[in-house]
Amino acid sequence: MLRIAEELNRKKMSTEIEAPSINRRKFVTSLGLLGTAAGLSPLSALAEVQNVAIADGVMKCKPYLQAAHTKGITVRWITNTPCYSWVEYGESADKLNLKARQIEDGMVQVENTLHAIPLTNLKPSTIYFYRAVSEKPKSLERRAIAFESPVSTPVYSFTTPATTATDVNFLVFNDIHDRPESFPVLMKYQGDGKKDFVLLNGDMFNTQTDENQIVQNLLNPLSDLFSTGTPFIFARGNHETHGKFARSVGNYFDGQENKYYYSFSYGPMYAIVLDSGDTKSDQEPVNGGIVDFDAYREKQAVWLAQEVKKPAFINSKFKVVFIHIPPFYIDEDAHASNQYGKIWLPILNASKIDLMLCGHTHKYGIHPAVAGKHNFPIVIGGGPKDGRRTIIQVKANQQALNLKMTDDTGKVVGTLKV
Ligand SMILES: [Fe+2]
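Throughout what follows, the structure given in this document is the object of discussion. Note that the coordinates shown come from a computational prediction; the quantities given were computed from them, not determined experimentally. All residue numbers here refer to positions counted from 1 along the written sequence of the relevant chain. This being a predicted model, a pLDDT of at least 70 is required before a residue's local features are given, and a value of 80 or more before pairs of side-chain atoms are given or counted; all residues contribute to the totals for chains, interfaces and linings. Excluding hydrogens and water, the side-chain figures rest on all heavy atoms present in the structure.

Another point: the sheet that holds strand 20 (residues 378-380). We treat two strands as partners when DSSP finds at least two bridges between them. We count a stretch as a helix when DSSP gives it H or I for four or more residues in a row; a strand needs E for two or more, and each element gets its number in order from the N terminus. As summarised here, the arrangement of the six strands in space is 15-16-17-18-20-19, forming an open sheet in which the pairing is mixed. With one partner strand each, in any of the chains shown, strand 15 (262-266) and strand 19 (365-367) form the two edges of the open sheet. Taking the axes of each pair of neighbouring strands and ignoring which way they run, one obtains an average angle of 20° across the sheet. For strand 17 (residues 318-323) and strand 18 (residues 355-358), the ladder comprises three bridges, and the chain directions are parallel. The residue bridging phenylalanine 322 from the neighbouring strand is leucine 357, located in strand 18. Across the sheet, helix 6 (residues 293-307) is in contact with strand 15 and strand 16 (269-274); its angle to strand 16 comes to roughly 170°. Note on geometry: axes are lines fitted to C-alpha atoms, helical ones only across the stretch in contact, with angles between N-to-C directions running from 0 to 180 degrees. By the convention used here, residues are in contact when the closest approach between their heavy atoms is within 4.5 Å.

Rolled over the atoms, a probe as big as a water molecule pinpoints where empty space is left. Empty space within the largest pocket amounts to approximately 240 Å³. Residues are called lining when one of their atoms sits within 4 Å of a cavity or pocket point, these points coming from a 1 Å grid over the protein atoms alone, where a cavity is a set in which a 1.4 Å probe fits but cannot get out and a pocket is an open set with protein on both sides within 12 Å along at least five of seven lines. Together, 18 residues line the largest pocket, and Thr160, Pro161, Lys194, Asp196 and Tyr266 are the ones closest to its centre. Three categories are distinguished: nonpolar for Ala, Val, Leu, Ile, Met, Phe, Trp, Tyr, Cys and Pro, charged for Asp, Glu, Lys and Arg, and polar for the others, with Gly belonging to the last. Residue composition of the lining of the largest pocket, by class: nine nonpolar, five polar and four charged. Residue-level mapping places the lining of the largest pocket at the junction of two domains, with at least three residues from each of domain 1 (3-159) and domain 2 (168-417). Grid points are joined across faces, edges and corners, and a volume is the space filled by probe spheres set on the points. Segmentation into domains, and thus their bounds, comes from an automatic or database assignment.

With respect to the secondary-structure elements, asparagine 174 resides in the loop between strand 12 (168-173) and helix 4 (182-187). In protein, a polar contact requires one atom able to donate a hydrogen and another able to accept it; more generally it is a pair of N or O atoms within 3.5 Å, and residues adjacent in sequence count only if both atoms are side-chain atoms. In this structure the side chain of asparagine 174 is engaged in a polar contact, spanning 2.8 Å, whose partner is the side chain of aspartate 175. When neighbours within four sequence positions are excluded, asparagine 174 is seen to be in contact with Asn201, Gly202, Met204, Cys358, Gly359, His360, Gly381, Gly382 and Thr390.

With that settled, the discussion passes to the environment of threonine 361. Locating threonine 361 in the fold gives a position in the loop between strand 18 and strand 19. Exposure classes here rest on a 1.4 Å probe applied to the protein chains alone. A residue is buried below 20% of its type maximum, exposed above 50%, and partly exposed in between. Given a relative accessible area of 19%, threonine 361 falls into the buried group. Ignoring anything within four residues of it in the chain, the contact list for threonine 361 reads Pro326, Tyr329, Ile330 and Ile380.

Dropping the structure here:
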């Protein structure tokens with residue numbers, strides 16, 4: 001799926017594959033398999049099955065999928081205390097005959113709380129089954145290395161993308177603003193078909209406080225709905241730059257070549273994700289002199305200019321841009337939009353962009369292209385209060401791209417065909 005993820009995984013962590021041989025405590029539930037082989041599962045069935053490893057107090061959240069591509073995917077989870085972790089996986093739920101661990105500089109990581117384990121050399125268009133396993137170290141002293149009994153999650157599943165995917169079907173959430181109850185409400189209106197991924201288009205939070213906020217307000221609701229079986233992509237909003245934990249947010253997500261601005265291809269779509277940073281000027285007193293988003297947006301302009309020259313971008317059927325803060329249709333005086341309007345928009349307007357997807361304003365709307373201003377339609381998702389929340393479904397094949405925006409009552413509030 002994500003071309004960049006392949007590059008990232010090559011650079012980042014090596015993966016070892018071997019037959020697992022552990023004397024594991026039994027935690028697999030009677031349901032055993034919690035896969036999402038067809039579409040995103042509704043909340044009910046999965047929510048009933050509590051992750052017993054979490055109940056055991058070792059794991060802080062269920063596993064969640066990141067950085068999916070045709071040959072690999074990254075499985076992530078968090079433990080409450082430092083642990084040695086691995087993923088057991090295979091093509092049959094009854095035979096998880098492969099094992100992947102996180103290895104850096106020749107050493108297996110055994111005392112992490114953030115576990116990001118890439119599964120590599122996967123086959124395209126194949127269903128894989130997996131479970132996450134963690135164990136606490138008792139002693140890491142040489143000649144006395146010992147661990148407590150491992151705990152494991154139930155078995156989940158995911159499907160790798162086809163090498164020659166001709167279609168793409170995905171969802172977009174934006175401006176949830178620390179209201180995790182919005183995810184299941186909106187997911188009821190996800191639309192038809194199996195989703196390839198879900199893109200979070202900024203402001204999932206109000207201000208970053210700590211890891212528990214990320215777990216409770218994002219990872220838990222998403223894993224109850226889909227993220228054990230369908231990957232999500234994280235794009236940063238201005239509110240993710242606020243607060244004492246803002247500089248740690250990126251440690252929880254994978255698949256971005258530049259962390260918060262990147263591109264990826266899926267079927268007929270070439271996607272560009274840009275990070276608009278904070279709304280206000282770097283010099284505003286609220287920012288306390290500890291941000292430098294003007295220079296960061298200029299750096300992205302240099303990257304963007306190269307991006308639109310790539311044959312994969314030029315030859316793609318549909319070119320879609322994701323930016324949390326829209327360039328227009330904002331009531332407030334938005335420094336970010338004004339600045340990037342001068343350095344990003346000229347590039348985008350000259351690059352045959354088909355669609356821009358934004359959030360931020362909390363007023364949903366579909367704004368047709370205006371020649372010379374924005375030569376492409378801009379779709380803004382709503383939120384976060386009841387009656388203003390939206391879920392966006394995008395489906396594209398070789399003939400057309402169709403977008404549908406639905407509000408939290410199930411009413412379709414906008415459609416677009418490219
Ligand atoms: Fe925002």
